Amino acid sequence: MGIFSTTEKSEYKTTKLKEEGCVVTLQVEVPAAKVQDATHNVVVRLQAQARVPGFRAGKAPLEAIQRQYASAIRERVVEQLLQASVPEALKTHKLSPVA
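Every chain is numbered independently, its residues counted from 1 as its sequence is written. With the structure being a predicted model, the display of local features is reserved for residues of pLDDT at least 70 and the display and counting of side-chain atom pairs for 80 or more, all residues being used for whole-chain, interface and lining totals. Processing note: side-chain calculations cover all non-hydrogen atoms of the structure and skip hydrogens and water entirely.

## Some points on the pairing of strand β1 (residues 13–20)
And step 1. Strands qualify as paired when DSSP identifies two bridges or more between them. Strands here are runs of E lasting at least two residues and helices are runs of H or I lasting at least four, both read from the DSSP assignment and numbered beginning at the N terminus. The pairing of β1 with strand β2 (residues 23–29) spans seven bridges and is antiparallel. Bridge pairing in β2 places T14 opposite V28.
And step 2. Connecting the antiparallel pair β1 and β2 is a turn made up of two residues, with G21 showing a positive phi of about 65 degrees.

In structure tokens:
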């Protein structure tokens, strides 16, 4: 697997939970395949920069990267998925951000 997504264009399931004035709460469900692709891409990119004891820089196995940098990987994956899903959710519900 490389840095490219294996899925063409996966659909996010979005649900409008509540609307109070100009505040709308949305629920976005991301397909598991999309999460796996994003996680793999983040790990591969991190592998190139990571320093793991016992390995040369950029040469550590993916499993070692995942163990040592689990919280950083999770944060980056969530950020990537948010950046991809929020605009689509806004478009689906015909919403435009106020600020």
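## A word on the nonpolar core
And step 1. Counting 12 residues, the largest nonpolar core consists of A38, V42, V43, L46, A50, V52, A60, A64, I65, I73, V77 and L81.
And step 2. Of all the secondary-structure elements, those providing two or more residues to this core are α1 (32–49), α2 (62–68) and α3 (70–92).
And step 3. We call two residues in contact when some of their heavy atoms are within 4.5 Å. Ignoring any residue separated from it by four or fewer positions in sequence, one finds I73 in contact with T39, V42, V43, L46, I65 and Q66. Take the buried Ala, Val, Leu, Ile, Met, Phe, Trp, Tyr and Cys residues and link them wherever side-chain atoms come within 4.5 Å; each set so joined is a nonpolar core. Using a 1.4 Å probe on the protein chains alone, a residue whose accessible area is under 20% of its type maximum counts as buried, one over 50% counts as exposed, and one in between counts as partly exposed.

## Observations regarding the pattern of salt bridges
And step 1. When a carboxyl oxygen of Asp or Glu is within 4 Å of a side-chain nitrogen of Lys or Arg, the pair counts as a salt bridge. Under the definition given, this model contains two salt bridges.
And step 2. E19 serves as the salt-bridge partner of K16, at 3.3 Å between the closest nitrogen and oxygen.
And step 3. A relative accessible area of 47% places E19 in the partly exposed class.
And step 4. Between K18 and E20 there is a salt bridge whose closest N-O contact spans 3.9 Å.
And step 5. Classification of K18 as partly exposed rests on a relative accessible area of 45%.

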